[in-house]
Number of protein chains: 2
Amino acid sequence: MTEKQENILSAALKLFAEEGFSATSTSKVAKAASVSEGLIFRHFGNKEGLLNALLDLGQEKAKLVYSNVIFETDPKELIRKAIQLPFNVAKEDHDFWRLQFKLKWELNKYNEASWEPLQVAMTNAFKKLKYKNPEMEAEYIKHFLDGLVGAILRGSPIDDIKMTNFLLDKYQL
Amino acid sequence: MTEKQENILSAALKLFAEEGFSATSTSKVAKAASVSEGLIFRHFGNKEGLLNALLDLGQEKAKLVYSNVIFETDPKELIRKAIQLPFNVAKEDHDFWRLQFKLKWELNKYNEASWEPLQVAMTNAFKKLKYKNPEMEAEYIKHFLDGLVGAILRGSPIDDIKMTNFLLDKYQL
DNA sequence: GTCTATACGTTGATAGAC
DNA sequence: GTCTATCAACGTATAGAC
């Protein structure tokens, strides 16, 4: 991976996350990366190839974030970590996650399955905590987290401490 | 409003909701509406004017949906109606709502304020029901509803009866 | 690996006839 | 109100030189 290649990737990530995939031209990416436009196609084949390279790179980061939650054995601690996910996610790799959310609407490219390990883990945690309906409880919190992350990524002003405390209290953690 | 104008609007709504605003060309809209491309610009000025005409029309429908909830005086009934919103919304005016959700990501055109009346109404309802933290409770359910509506609009398979019953039970309605 | 030059369809938009 | 013809700018993508 040369320096120019990295320039292309980081410029593309930023632009795609900000303005969307379709609305970002390859020439814009080239300029932002201080690179000739042809180079993008040499390295990534076409515009979609560039997007996929970005997505592949992010995939590993996503797994890291998830694994910290789903391999937690203490059920209360697991729910606690899940609840804090939106606020952590928003700080590091902000652009990557914004791109993910944009893409699921722009290209209907939603990896619905990416939530699944987390949902299963939460279901299990709620089971251990003797909740009446663990499956629904997990789905409920999944939709909430999805909505919350989205709001944060769009820049909504959210009082994270207040929200976290409210949730910790609600789930008696 | 002539027939051709209506053709343009309905074709545009469908295409914008399906494929996104940027990804839909005016020529595509013209073909789908069986109309010359020039006519679109005669009537709506430019592509964004067409989008705004669509949004204005939808605004009234949105108000109707909201008003049915927020003017409910019985707090339990209000929460019940709010909970059922995602499932009702998805049936009628599906394309309009899908466009709304797409737009808030594609053009960062999110009318954050559009949720506000509902949020205020829910806060009030939770107050009447003696909840410990009505404001946060309303915000919590807002994010949940946002996530849920999104999932439904993207075509996620969701068991609406199971989900509704779970929620009615959870909020003791 | 990288750049320049270029091909060529598509895009949003306008002018003028009917 | 509606259509046809037309435009310049921009879009993705390729070829060939260094």
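Residues numbered from 1 in each chain as written. Chains lettered and ligands numbered in written order. Predicted model: local features only at pLDDT ≥ 70, side-chain atom pairs only at ≥ 80, totals over all residues. Heavy atoms only, no water.

All right, on to the interface of chain B and chain A then. Listed by partner, the interface residues are 37 residues for chain B and 37 residues for chain A. At the boundary of chain B with chain A, total buried surface from both sides reaches about 3,200 Å², with 64% on carbon and sulfur atoms. Interface area lost by chain B to chain A is led by Trp105, Tyr140 and Arg154 of chain B, which between them contribute 28%. A salt bridge links Asp169 of chain A to Lys132 of chain B, with the shortest nitrogen-to-oxygen separation between them at 3.0 Å. (Contact = heavy atoms within 4.5 Å. Buried area = accessible area lost by both parts, 1.4 Å probe. Salt bridge = Lys/Arg side-chain N within 4 Å of Asp/Glu carboxyl O.)

Thr26, Glu37 and Lys47 of chain A together with Ser36 and Arg42 of chain B are the nearest of the 18 residues found near DNA strand D. Residue Thr2 of chain B places a side-chain N or O atom 3.2 Å away from a phosphate oxygen belonging to DNA strand D. Take Lys4 of chain B: an N or O atom from its side chain is 3.2 Å from a phosphate oxygen of DNA strand D. Among the elements of the structure, helix 2 (26–32) and helix 3 (37–44) of chain A together with helix 1 (3–19) and helix 3 (37–44) of chain B are those that each provide at least two residues to the surface near DNA strand D. (Near = heavy atom within 4 Å. Polar contact = N/O pair within 3.5 Å; in protein donor to acceptor, adjacent residues only side chain to side chain. Helix = DSSP H or I, 4+ residues; strand = E, 2+ residues; numbered from the N terminus.)

Next up on the list: the relation of the copies chain B and chain A. Screw-axis analysis of chain B against chain A gives a translation of 0.0 Å along the axis, an RMSD of 0.0 Å, and a rotation angle of 180°. Between the two chains, the operation in question is that of a two-fold axis. (Least-squares fit on C-alpha atoms with pLDDT ≥ 70 in both.)

A separate point is the side chain of Lys142 of chain A. Residue and element names in this part refer to chain A. Residue position: Lys142 is located in helix 8 (residues 134–153). Since its relative accessible area comes to 11%, Lys142 is described here as buried. Within polar-contact distance, the side chain of Lys142 engages the side chain of Gln119 at 3.3 Å. Not counting residues within four places of it along the chain, the set of residues in contact with Lys142 comprises Trp115, Gln119 and Met122. (Buried < 20%, exposed > 50% of the residue type's maximum accessible area, 1.4 Å probe, protein only.)

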